[in-house]
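Examining the three-dimensional arrangement
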Amino acid sequence: MLAKRIIPCLDVTHGRVVKGVNFVELKDAGDPVEIARRYNEAGADELTFLDITASSDDRDLILHIIEAVAAEVFIPLTVGGGVREVGDVQRLLNAGADKVSINTSAVMNPQLVKDASDRYGSQCIVVAIDAKRVGDHWEVFTHGGRKTTGLDAIDWAKKMESLGAGELLLTSMDRDGTKSGFDLELTRRISDAVDIPIIASGGVGNLQHLVDGVKEGRADAVLAASIFHFGEYGIDEAKKYMKQHGIEVRL
Amino acid sequence: MKADIAVIDYGMGNLRSVSKAIEHVAPAASVVVTSDPAIIAEAGRVVFPGQGAAPDCMREIDARGLRQVIIDAAHSKPFLGICMGMQVLFEHSEEGDTACLGILPGTVQHFPHEAMVDAAGNKLKVPHMGWNNVHQAAPHPLWVGIEEGARFYFVHSYFVQPTSPDVIAGFSHYPFPFTCAVATGNIFAVQFHPEKSQNDGLTLLGNFVTWNPGASETACDMSGAACA
(Lines give C-alpha, C1' and ligand atoms only; values in the text may rest on other atoms or scores of the structure.)
Protein backbone atom coordinates (compact mmCIF):
# COMPACT_ATOMS: atom_id res chain seq x y z
CA MET A 1 0.00 0.00 0.00
CA LEU A 2 1.21 3.48 -0.80
CA ALA A 3 2.70 5.14 2.27
CA LYS A 4 1.93 8.66 3.41
CA ARG A 5 5.13 10.66 3.21
CA ILE A 6 6.94 12.74 5.83
CA ILE A 7 9.02 15.52 4.34
CA PRO A 8 11.38 17.69 6.39
CA CYS A 9 11.88 21.14 4.91
CA LEU A 10 15.20 22.95 5.07
CA ASP A 11 15.45 26.70 4.55
CA VAL A 12 18.71 27.56 2.86
CA THR A 13 20.31 30.96 2.39
CA HIS A 14 23.80 31.71 1.10
CA GLY A 15 24.52 27.99 1.05
CA ARG A 16 23.66 27.45 4.70
CA VAL A 17 20.67 25.93 6.44
CA VAL A 18 19.04 28.52 8.64
CA LYS A 19 16.75 28.15 11.65
CA GLY A 20 19.27 25.62 12.92
CA VAL A 21 18.93 21.91 13.11
CA ASN A 22 19.35 20.13 16.37
CA PHE A 23 20.65 16.66 15.66
CA VAL A 24 22.72 15.01 18.32
CA GLU A 25 26.42 15.50 17.66
CA LEU A 26 25.84 17.41 14.49
CA LYS A 27 29.20 18.95 13.75
CA ASP A 28 27.95 21.82 11.66
CA ALA A 29 24.35 22.83 12.23
CA GLY A 30 24.27 24.79 8.99
CA ASP A 31 25.73 22.26 6.61
CA PRO A 32 22.98 21.22 4.20
CA VAL A 33 24.76 18.07 3.09
CA GLU A 34 25.28 16.73 6.58
CA ILE A 35 21.72 17.59 7.57
CA ALA A 36 20.35 15.90 4.46
CA ARG A 37 22.41 12.82 5.24
CA ARG A 38 21.09 12.70 8.79
CA TYR A 39 17.48 13.05 7.68
CA ASN A 40 18.01 10.34 5.11
CA GLU A 41 19.37 8.01 7.79
CA ALA A 42 16.46 8.92 10.05
CA GLY A 43 13.97 7.72 7.45
CA ALA A 44 12.71 10.90 5.79
CA ASP A 45 10.71 9.99 2.69
CA GLU A 46 11.82 13.03 0.73
CA LEU A 47 13.63 16.28 1.42
CA THR A 48 12.59 19.77 0.46
CA PHE A 49 15.06 22.63 0.20
CA LEU A 50 13.66 26.11 0.17
CA ASP A 51 16.17 28.63 -1.13
CA ILE A 52 15.43 31.89 0.66
CA THR A 53 18.54 33.65 -0.60
CA ALA A 54 17.49 37.22 -1.26
CA SER A 55 20.12 38.28 -3.77
CA SER A 56 20.25 36.63 -7.14
CA ASP A 57 24.07 36.75 -7.03
CA ASP A 58 24.16 33.88 -4.60
CA ARG A 59 21.56 31.73 -6.30
CA ASP A 60 24.11 29.37 -7.79
CA LEU A 61 25.05 28.23 -4.30
CA ILE A 62 21.89 26.14 -4.10
CA LEU A 63 22.98 24.29 -7.24
CA HIS A 64 26.24 23.24 -5.58
CA ILE A 65 24.36 22.13 -2.51
CA ILE A 66 21.93 20.03 -4.51
CA GLU A 67 24.80 18.48 -6.46
CA ALA A 68 26.54 17.52 -3.25
CA VAL A 69 23.40 16.17 -1.60
CA ALA A 70 22.33 14.22 -4.69
CA ALA A 71 25.70 12.49 -4.81
CA GLU A 72 25.08 10.74 -1.53
CA VAL A 73 21.44 10.96 -0.54
CA PHE A 74 19.26 8.69 -2.64
CA ILE A 75 15.73 9.83 -1.84
CA PRO A 76 13.66 12.39 -3.76
CA LEU A 77 14.84 15.98 -3.46
CA THR A 78 12.58 18.97 -4.06
CA VAL A 79 13.96 22.47 -4.43
CA GLY A 80 11.97 25.69 -4.35
CA GLY A 81 12.58 29.39 -4.08
CA GLY A 82 13.42 31.85 -6.80
CA VAL A 83 12.31 29.68 -9.71
CA ARG A 84 11.33 32.19 -12.38
CA GLU A 85 11.81 30.58 -15.76
CA VAL A 86 12.13 27.22 -17.46
CA GLY A 87 15.91 27.64 -17.40
CA ASP A 88 15.83 27.73 -13.60
CA VAL A 89 13.92 24.46 -13.57
CA GLN A 90 16.46 22.92 -15.91
CA ARG A 91 19.44 24.04 -13.84
CA LEU A 92 17.95 22.60 -10.66
CA LEU A 93 17.06 19.29 -12.30
CA ASN A 94 20.52 19.03 -13.83
CA ALA A 95 22.05 19.65 -10.42
CA GLY A 96 20.18 16.64 -9.07
CA ALA A 97 16.79 17.93 -7.91
CA ASP A 98 13.98 15.50 -8.63
CA LYS A 99 11.23 18.08 -8.32
CA VAL A 100 11.14 21.82 -8.54
CA SER A 101 8.66 23.87 -6.57
CA ILE A 102 7.21 26.99 -8.18
CA ASN A 103 5.42 29.55 -6.05
CA THR A 104 5.28 33.28 -6.81
CA SER A 105 6.27 32.79 -10.44
CA ALA A 106 3.28 30.52 -11.01
CA VAL A 107 1.05 33.45 -10.05
CA MET A 108 3.01 35.97 -12.10
CA ASN A 109 3.24 33.66 -15.09
CA PRO A 110 1.02 30.54 -15.00
CA GLN A 111 2.36 29.57 -18.41
CA LEU A 112 5.64 28.71 -16.67
CA VAL A 113 3.92 25.75 -14.99
CA LYS A 114 2.66 24.51 -18.34
CA ASP A 115 5.96 25.07 -20.16
CA ALA A 116 8.00 23.38 -17.42
CA SER A 117 5.68 20.39 -17.09
CA ASP A 118 5.46 19.97 -20.86
CA ARG A 119 9.21 20.00 -21.09
CA TYR A 120 10.22 17.97 -18.04
CA GLY A 121 7.07 16.10 -17.09
CA SER A 122 4.44 16.78 -14.44
CA GLN A 123 6.22 14.44 -12.04
CA CYS A 124 8.87 17.05 -11.35
CA ILE A 125 6.72 20.16 -11.12
CA VAL A 126 5.36 21.07 -7.70
CA VAL A 127 3.28 24.20 -7.33
CA ALA A 128 3.50 25.77 -3.90
CA ILE A 129 0.34 27.55 -2.81
CA ASP A 130 0.41 29.92 0.14
CA ALA A 131 -3.20 30.41 1.22
CA LYS A 132 -4.82 32.59 3.83
CA ARG A 133 -8.41 32.69 4.94
CA VAL A 134 -10.24 35.79 3.80
CA GLY A 135 -13.85 35.85 5.00
CA ASP A 136 -15.53 32.59 3.96
CA HIS A 137 -12.86 31.44 1.54
CA TRP A 138 -9.08 31.21 1.09
CA GLU A 139 -6.98 33.40 -1.14
CA VAL A 140 -3.58 32.82 -2.66
CA PHE A 141 -0.82 35.01 -1.26
CA THR A 142 2.71 35.56 -2.53
CA HIS A 143 5.94 37.01 -1.17
CA GLY A 144 5.83 34.97 2.00
CA GLY A 145 2.22 35.80 2.72
CA ARG A 146 2.58 39.55 2.38
CA LYS A 147 0.83 40.12 -0.93
CA THR A 148 -2.64 38.97 -1.77
CA THR A 149 -3.45 37.98 -5.31
CA GLY A 150 -7.23 37.93 -5.01
CA LEU A 151 -7.17 34.39 -6.43
CA ASP A 152 -9.40 31.80 -4.79
CA ALA A 153 -7.09 29.06 -3.49
CA ILE A 154 -9.32 26.16 -4.54
CA ASP A 155 -9.83 27.48 -8.06
CA TRP A 156 -6.12 28.15 -8.26
CA ALA A 157 -5.28 24.59 -7.21
CA LYS A 158 -7.51 23.23 -9.98
CA LYS A 159 -5.95 25.57 -12.50
CA MET A 160 -2.43 24.51 -11.53
CA GLU A 161 -3.44 20.86 -11.91
CA SER A 162 -4.85 21.57 -15.35
CA LEU A 163 -1.63 23.33 -16.39
CA GLY A 164 0.44 20.29 -15.48
CA ALA A 165 1.44 20.50 -11.82
CA GLY A 166 2.21 17.00 -10.56
CA GLU A 167 1.80 17.84 -6.90
CA LEU A 168 0.70 20.76 -4.73
CA LEU A 169 2.53 22.02 -1.66
CA LEU A 170 -0.16 23.75 0.31
CA THR A 171 0.83 26.10 3.12
CA SER A 172 -1.65 27.81 5.39
CA MET A 173 -0.25 31.26 6.06
CA ASP A 174 -2.64 31.56 8.98
CA ARG A 175 -1.10 28.54 10.66
CA ASP A 176 2.52 28.77 9.53
CA GLY A 177 4.73 29.19 12.59
CA THR A 178 1.84 28.89 15.06
CA LYS A 179 2.33 25.22 16.00
CA SER A 180 -1.45 24.94 16.21
CA GLY A 181 -1.82 22.34 13.46
CA PHE A 182 -2.61 22.41 9.75
CA ASP A 183 -5.62 24.27 8.42
CA LEU A 184 -7.49 21.00 8.00
CA GLU A 185 -10.51 22.40 6.25
CA LEU A 186 -8.38 24.13 3.63
CA THR A 187 -6.29 21.00 3.13
CA ARG A 188 -9.32 18.76 2.78
CA ARG A 189 -11.12 21.11 0.41
CA ILE A 190 -8.14 21.30 -1.93
CA SER A 191 -7.31 17.59 -1.67
CA ASP A 192 -10.89 16.78 -2.63
CA ALA A 193 -10.87 19.30 -5.47
CA VAL A 194 -7.90 17.84 -7.36
CA ASP A 195 -6.64 14.38 -8.35
CA ILE A 196 -2.94 15.09 -7.78
CA PRO A 197 -1.15 14.58 -4.44
CA ILE A 198 -1.24 17.29 -1.78
CA ILE A 199 1.56 18.05 0.66
CA ALA A 200 0.19 19.76 3.75
CA SER A 201 2.35 22.43 5.33
CA GLY A 202 2.20 25.14 7.95
CA GLY A 203 1.40 24.86 11.63
CA VAL A 204 2.74 21.50 12.77
CA GLY A 205 3.45 21.56 16.50
CA ASN A 206 3.08 17.92 17.52
CA LEU A 207 2.70 14.44 16.09
CA GLN A 208 -1.08 14.42 16.34
CA HIS A 209 -1.08 17.31 13.88
CA LEU A 210 0.60 15.05 11.33
CA VAL A 211 -2.06 12.39 11.88
CA ASP A 212 -4.82 14.98 11.56
CA GLY A 213 -3.33 16.31 8.34
CA VAL A 214 -3.59 12.89 6.74
CA LYS A 215 -6.84 11.69 8.30
CA GLU A 216 -8.84 14.91 8.48
CA GLY A 217 -7.04 16.93 5.84
CA ARG A 218 -6.66 13.99 3.44
CA ALA A 219 -3.11 15.05 2.67
CA ASP A 220 -0.87 12.61 0.80
CA ALA A 221 2.24 13.93 2.48
CA VAL A 222 3.07 16.16 5.42
CA LEU A 223 5.86 18.71 5.48
CA ALA A 224 7.34 20.08 8.66
CA ALA A 225 10.37 22.05 9.67
CA SER A 226 10.76 23.13 13.25
CA ILE A 227 9.43 20.06 15.06
CA PHE A 228 12.12 17.97 13.39
CA HIS A 229 14.91 20.54 13.25
CA PHE A 230 14.87 21.30 16.94
CA GLY A 231 14.84 17.66 17.88
CA GLU A 232 11.40 17.79 19.49
CA TYR A 233 10.49 14.68 17.53
CA GLY A 234 12.40 12.26 15.36
CA ILE A 235 11.23 11.16 11.94
CA ASP A 236 10.95 7.54 13.08
CA GLU A 237 9.01 8.63 16.15
CA ALA A 238 6.59 10.53 13.92
CA LYS A 239 6.17 7.55 11.64
CA LYS A 240 5.55 5.14 14.50
CA TYR A 241 2.93 7.49 15.91
CA MET A 242 1.21 7.73 12.55
CA LYS A 243 1.29 3.97 12.17
CA GLN A 244 -0.27 3.53 15.62
CA HIS A 245 -3.08 5.72 14.35
CA GLY A 246 -3.72 3.53 11.35
CA ILE A 247 -1.72 5.46 8.75
CA GLU A 248 0.41 3.57 6.26
CA VAL A 249 4.02 4.73 6.52
CA ARG A 250 7.45 3.53 5.41
CA LEU A 251 9.28 2.29 8.48
CA MET B 1 37.38 4.51 -23.75
CA LYS B 2 34.81 1.75 -23.55
CA ALA B 3 32.22 2.43 -20.88
CA ASP B 4 31.43 -0.24 -18.33
CA ILE B 5 27.96 1.19 -17.93
CA ALA B 6 26.19 3.50 -20.36
CA VAL B 7 23.24 5.54 -19.11
CA ILE B 8 21.23 6.47 -22.18
CA ASP B 9 20.59 10.20 -22.38
CA TYR B 10 17.79 11.12 -24.74
CA GLY B 11 16.86 14.41 -23.16
CA MET B 12 14.11 13.02 -20.95
CA GLY B 13 14.56 14.13 -17.42
CA ASN B 14 17.09 14.01 -14.71
CA LEU B 15 19.82 11.48 -15.32
CA ARG B 16 22.17 12.80 -12.71
CA SER B 17 20.41 10.88 -9.95
CA VAL B 18 20.69 7.67 -11.92
CA SER B 19 24.36 8.06 -12.76
CA LYS B 20 25.25 9.19 -9.22
CA ALA B 21 23.50 6.19 -7.69
CA ILE B 22 25.29 3.80 -10.05
CA GLU B 23 28.64 5.45 -9.33
CA HIS B 24 27.85 5.02 -5.65
CA VAL B 25 27.38 1.24 -5.96
CA ALA B 26 30.11 0.73 -8.57
CA PRO B 27 32.86 3.20 -7.68
CA ALA B 28 35.42 1.44 -9.86
CA ALA B 29 33.25 1.32 -12.97
CA SER B 30 33.29 3.88 -15.74
CA VAL B 31 29.75 5.26 -15.92
CA VAL B 32 28.96 7.38 -18.93
CA VAL B 33 25.79 9.36 -19.53
CA THR B 34 25.56 9.41 -23.29
CA SER B 35 23.44 9.81 -26.38
CA ASP B 36 26.17 8.44 -28.63
CA PRO B 37 25.00 5.19 -30.26
CA ALA B 38 28.59 3.97 -30.65
CA ILE B 39 29.31 4.30 -26.93
CA ILE B 40 26.06 2.57 -26.05
CA ALA B 41 26.80 -0.23 -28.52
CA GLU B 42 30.21 -0.82 -26.96
CA ALA B 43 29.21 -0.50 -23.30
CA GLY B 44 29.25 -3.54 -21.07
CA ARG B 45 25.87 -2.70 -19.53
CA VAL B 46 23.12 -0.31 -20.39
CA VAL B 47 20.75 1.65 -18.18
CA PHE B 48 17.72 3.13 -19.91
CA PRO B 49 16.02 5.69 -17.64
CA GLY B 50 13.47 8.32 -18.56
CA GLN B 51 10.79 10.65 -17.31
CA GLY B 52 8.15 12.66 -19.02
CA ALA B 53 5.61 11.70 -21.62
CA ALA B 54 5.72 8.68 -23.95
CA PRO B 55 5.29 10.61 -27.23
CA ASP B 56 8.18 12.92 -26.33
CA CYS B 57 10.33 9.96 -25.31
CA MET B 58 9.83 8.15 -28.58
CA ARG B 59 10.37 11.34 -30.57
CA GLU B 60 13.61 12.09 -28.73
CA ILE B 61 14.86 8.51 -29.12
CA ASP B 62 14.37 8.72 -32.88
CA ALA B 63 15.68 12.27 -33.13
CA ARG B 64 18.96 11.00 -31.68
CA GLY B 65 19.01 7.86 -33.82
CA LEU B 66 18.93 5.63 -30.74
CA ARG B 67 16.11 3.21 -31.56
CA GLN B 68 18.22 0.42 -33.04
CA VAL B 69 21.03 0.61 -30.52
CA ILE B 70 18.51 0.38 -27.67
CA ILE B 71 16.85 -2.65 -29.25
CA ASP B 72 20.24 -4.27 -29.84
CA ALA B 73 21.38 -3.60 -26.28
CA ALA B 74 18.15 -5.03 -24.87
CA HIS B 75 18.89 -8.25 -26.74
CA SER B 76 22.56 -8.54 -26.05
CA LYS B 77 23.78 -7.17 -22.69
CA PRO B 78 22.62 -6.55 -19.13
CA PHE B 79 19.92 -3.94 -19.61
CA LEU B 80 18.04 -2.03 -16.93
CA GLY B 81 14.96 0.01 -17.84
CA ILE B 82 13.68 2.54 -15.31
CA CYS B 83 10.25 4.25 -15.29
CA MET B 84 9.62 5.59 -18.81
CA GLY B 85 12.58 3.45 -19.87
CA MET B 86 10.47 0.45 -18.87
CA GLN B 87 7.25 1.62 -20.46
CA VAL B 88 8.62 2.30 -23.92
CA LEU B 89 10.07 -1.23 -24.13
CA PHE B 90 6.49 -2.38 -24.77
CA GLU B 91 4.53 -2.15 -27.98
CA HIS B 92 2.12 0.66 -27.39
CA SER B 93 1.32 3.34 -24.82
CA GLU B 94 -2.07 4.82 -24.24
CA GLU B 95 -0.27 8.08 -23.47
CA GLY B 96 -0.64 10.06 -26.66
CA ASP B 97 -1.53 6.83 -28.51
CA THR B 98 2.16 6.14 -28.99
CA ALA B 99 3.86 3.28 -30.79
CA CYS B 100 6.80 2.26 -28.62
CA LEU B 101 9.90 0.10 -29.14
CA GLY B 102 8.09 -3.25 -29.18
CA ILE B 103 10.90 -5.15 -27.47
CA LEU B 104 8.42 -6.70 -25.04
CA PRO B 105 4.85 -7.70 -25.96
CA GLY B 106 2.24 -5.67 -24.14
CA THR B 107 0.81 -2.23 -23.63
CA VAL B 108 0.99 0.76 -21.29
CA GLN B 109 -2.18 2.12 -19.74
CA HIS B 110 -3.31 4.99 -17.55
CA PHE B 111 -4.59 4.30 -14.04
CA PRO B 112 -8.33 4.17 -14.74
CA HIS B 113 -10.06 7.07 -13.03
CA GLU B 114 -13.06 5.02 -11.89
CA ALA B 115 -10.84 2.48 -10.09
CA MET B 116 -8.90 5.00 -8.03
CA VAL B 117 -10.57 4.46 -4.66
CA ASP B 118 -9.09 2.60 -1.69
CA ALA B 119 -10.84 0.01 0.49
CA ALA B 120 -12.05 2.75 2.85
CA GLY B 121 -13.59 4.71 -0.04
CA ASN B 122 -10.90 7.41 -0.17
CA LYS B 123 -9.87 8.87 -3.50
CA LEU B 124 -6.44 7.72 -4.70
CA LYS B 125 -4.34 10.36 -6.37
CA VAL B 126 -2.71 10.10 -9.78
CA PRO B 127 0.24 10.27 -10.32
CA HIS B 128 0.93 7.31 -8.04
CA MET B 129 3.60 9.12 -6.08
CA GLY B 130 5.56 7.84 -3.10
CA TRP B 131 6.82 4.68 -1.46
CA ASN B 132 4.90 1.50 -2.19
CA ASN B 133 5.50 -2.18 -1.44
CA VAL B 134 7.05 -4.19 -4.23
CA HIS B 135 6.14 -7.86 -4.27
CA GLN B 136 8.59 -10.18 -5.93
CA ALA B 137 6.68 -12.38 -8.36
CA ALA B 138 9.68 -14.56 -9.10
CA PRO B 139 13.21 -14.95 -7.77
CA HIS B 140 15.77 -12.97 -9.74
CA PRO B 141 19.42 -12.03 -9.22
CA LEU B 142 18.38 -8.35 -9.00
CA TRP B 143 16.13 -9.05 -6.01
CA VAL B 144 18.94 -10.60 -3.96
CA GLY B 145 19.25 -8.92 -0.57
CA ILE B 146 15.91 -7.12 -0.91
CA GLU B 147 13.06 -8.20 1.32
CA GLU B 148 9.79 -9.29 -0.21
CA GLY B 149 7.43 -6.33 0.04
CA ALA B 150 10.21 -3.75 0.42
CA ARG B 151 9.16 -0.20 -0.40
CA PHE B 152 10.42 1.62 -3.47
CA TYR B 153 9.76 5.16 -4.67
CA PHE B 154 7.27 5.54 -7.50
CA VAL B 155 6.04 8.46 -9.54
CA HIS B 156 3.95 7.61 -12.58
CA SER B 157 0.46 7.78 -14.05
CA TYR B 158 0.76 4.86 -16.49
CA PHE B 159 1.62 1.21 -15.89
CA VAL B 160 2.65 -1.69 -18.13
CA GLN B 161 0.48 -4.66 -18.99
CA PRO B 162 2.72 -7.40 -20.37
CA THR B 163 1.04 -9.86 -22.72
CA SER B 164 2.90 -12.74 -21.14
CA PRO B 165 2.66 -13.12 -17.36
CA ASP B 166 5.97 -14.98 -17.52
CA VAL B 167 7.91 -11.73 -17.71
CA ILE B 168 6.38 -10.31 -14.51
CA ALA B 169 9.13 -10.07 -11.89
CA GLY B 170 7.33 -7.80 -9.47
CA PHE B 171 4.02 -6.15 -8.76
CA SER B 172 2.55 -3.52 -6.54
CA HIS B 173 -0.97 -2.44 -5.56
CA TYR B 174 -2.67 0.88 -6.37
CA PRO B 175 -5.36 -0.16 -5.55
CA PHE B 176 -5.32 -3.17 -7.88
CA PRO B 177 -2.18 -5.21 -8.57
CA PHE B 178 -0.09 -3.83 -11.41
CA THR B 179 3.22 -4.95 -12.86
CA CYS B 180 6.12 -2.88 -11.56
CA ALA B 181 9.05 -5.07 -12.62
CA VAL B 182 9.64 -7.27 -15.64
CA ALA B 183 12.49 -9.64 -16.37
CA THR B 184 13.38 -11.68 -19.40
CA GLY B 185 16.80 -12.79 -20.55
CA ASN B 186 19.21 -9.92 -20.01
CA ILE B 187 16.44 -7.35 -19.55
CA PHE B 188 15.28 -6.16 -16.15
CA ALA B 189 12.97 -3.17 -16.03
CA VAL B 190 11.22 -1.40 -13.21
CA GLN B 191 8.50 1.21 -12.92
CA PHE B 192 9.86 2.56 -9.63
CA HIS B 193 13.03 4.58 -9.18
CA PRO B 194 15.81 2.51 -7.61
CA GLU B 195 18.05 5.59 -7.71
CA LYS B 196 15.60 7.32 -5.36
CA SER B 197 14.71 4.34 -3.18
CA GLN B 198 17.45 4.61 -0.58
CA ASN B 199 19.11 1.38 0.56
CA ASP B 200 16.91 -1.10 -1.25
CA GLY B 201 17.25 0.87 -4.46
CA LEU B 202 21.02 0.91 -4.14
CA THR B 203 20.98 -2.84 -3.47
CA LEU B 204 19.06 -3.41 -6.70
CA LEU B 205 21.46 -1.22 -8.66
CA GLY B 206 24.39 -2.99 -7.04
CA ASN B 207 22.91 -6.30 -8.13
CA PHE B 208 22.55 -4.97 -11.65
CA VAL B 209 26.16 -3.86 -12.00
CA THR B 210 27.38 -7.34 -11.10
CA TRP B 211 24.64 -9.29 -12.84
CA ASN B 212 25.70 -11.75 -15.48
CA PRO B 213 22.64 -13.15 -17.19
CA GLY B 214 23.43 -16.85 -17.56
CA ALA B 215 24.12 -18.48 -20.89
CA SER B 216 20.91 -20.45 -20.47
CA GLU B 217 18.92 -17.24 -20.44
CA THR B 218 18.29 -15.85 -23.86
CA ALA B 219 17.03 -12.46 -24.84
CA CYS B 220 13.45 -12.36 -25.80
CA ASP B 221 12.00 -11.34 -29.10
CA MET B 222 8.51 -10.19 -29.94
CA SER B 223 7.17 -13.72 -29.68
CA GLY B 224 7.96 -13.71 -25.98
CA ALA B 225 7.78 -17.47 -26.11
CA ALA B 226 11.35 -18.41 -25.30
CA CYS B 227 11.72 -16.24 -22.27
CA ALA B 228 12.08 -18.72 -19.48
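Quick summary incoming for the structure in this document. This is a predicted model, so every value here is computed, not measured. (Residues numbered from 1 in each chain as written. Chains lettered and ligands numbered in written order. Predicted model: local features only at pLDDT ≥ 70, side-chain atom pairs only at ≥ 80, totals over all residues. Heavy atoms only, no water.)

**Some points on the overall build of chain A**
If you tally the helices and strands in chain A, you get 10 helices and 11 strands. The principal-axis extents of the C-alpha atoms in chain A amount to approximately 45 × 45 × 35 Å. Residue burial in chain A is summarised as follows: out of 251 residues, 57% are buried. Look at the contacts in chain A between residues 6 or more apart in sequence, and 65% of them connect residues 24 or more apart. For chain A, the accessible surface area stands at approximately 9,600 Å², while carbon and sulfur atoms represent 47% of it. Within chain A, the 39 negative side-chain charges are centred at a point lying 2 Å from the centre of the 29 positive side-chain charges. (Helix = DSSP H or I, 4+ residues; strand = E, 2+ residues; numbered from the N terminus. Buried < 20%, exposed > 50% of the residue type's maximum accessible area, 1.4 Å probe, protein only. Contact = heavy atoms within 4.5 Å. Areas by Shrake-Rupley, 256 points an atom, 1.4 Å probe, with all protein chains shown as cover. Lys, Arg positive; Asp, Glu negative; His and termini not counted. Charge placed at Lys NZ, Arg CZ, Asp CG, Glu CD.)

**So, the packing of helix α2 (residues 60-70) of chain A against helix α3 (residues 86-95) of chain A**
All names here are of chain A. Where α2 contacts α3, the axes come no closer than 8 Å and their chain directions differ by 30°. Here α3 runs roughly parallel to α2, going by the angle between their axes. For the pair formed by α2 and α3, the contact residues are I62, L63, I66, E67 and A70 on the first element and R91, L92 and A95 on the second. Residues of the contact of α2 with α3, tallied by class, amount to 6 nonpolar, no polar and 2 charged. (Axes fitted to C-alpha atoms, helices over the stretch in contact; angles between N-to-C directions. Parallel < 35°, antiparallel > 145°, perpendicular 65-115°, else oblique. Nonpolar A, V, L, I, M, F, W, Y, C, P; charged D, E, K, R; others polar.)

**Some points on the pairing of strand β11 (residues 158-162) of chain B**
All names here are of chain B. The buried count for β11 comes to 4 of 5 residues, which makes it a mostly enclosed element. Looking at chain direction, strand β7 (residues 106-110) and β11 are connected through 5 bridges and run antiparallel. Along β11, the bridge assignment pairs Q109 with F159. (Pairing = 2+ DSSP bridges.)

**Points about the nonpolar core**
In this structure, A:F49, A:L168 and A:L210 are the most contacted members of the largest nonpolar core, which totals 77 residues. Setting aside its immediate chain neighbours within four residues, A:L210 contacts A:I6, A:F182, A:V204, A:V222, A:I227, A:F228, A:A238 and A:M242. Judged by nonpolar contacts, the second largest core, of 40 residues, contains B:I22, B:C83, B:A183 and B:V190. (Core = buried A, V, L, I, M, F, W, Y, C linked by side-chain atoms within 4.5 Å.)

**Some words on helix α10 (residues 235-244) of chain A**
Residue and element names in this part refer to chain A. Looking only at α10, the buried set comprises I235, A238, K239 and M242. Angularly, the buried residues of α10 cover 95° about the axis, an arc narrow enough to put them on a single face. Residue G246 follows α10 closely and has a positive phi angle near 80°. (Arc of directions from axis to C-beta.)

**Some words on the interface of chain A and chain B**
On the chain B side, the residues contacting the 42 residues of chain A number 30 residues. Interface area for chain A against chain B, summed over the two sides, is near 2,900 Å², with a carbon-plus-sulfur share of 51%. The tally of links between chain A and chain B comes to 4 salt bridges. In this assembly, chain A and chain B are joined by 26 residue pairs in polar contact (both at pLDDT 80 or more). (Buried area = accessible area lost by both parts, 1.4 Å probe. Salt bridge = Lys/Arg side-chain N within 4 Å of Asp/Glu carboxyl O. Polar contact = N/O pair within 3.5 Å; in protein donor to acceptor, adjacent residues only side chain to side chain.)

**Quick notes on helix α6 (residues 153-163) of chain A**
Residues and elements named next belong to chain A. Looking only at α6, the buried set comprises A153, I154, W156, A157, M160 and L163. Backbone nitrogen of I154 and a side-chain oxygen of the N-cap are separated by 3.1 Å at the start of α6; the cap is D152. Looking one or two residues past α6, G164 carries a phi angle of roughly 120°, positive in sign.

Everything listed here is a matter of geometry and, on its own, says nothing about what the molecule does.
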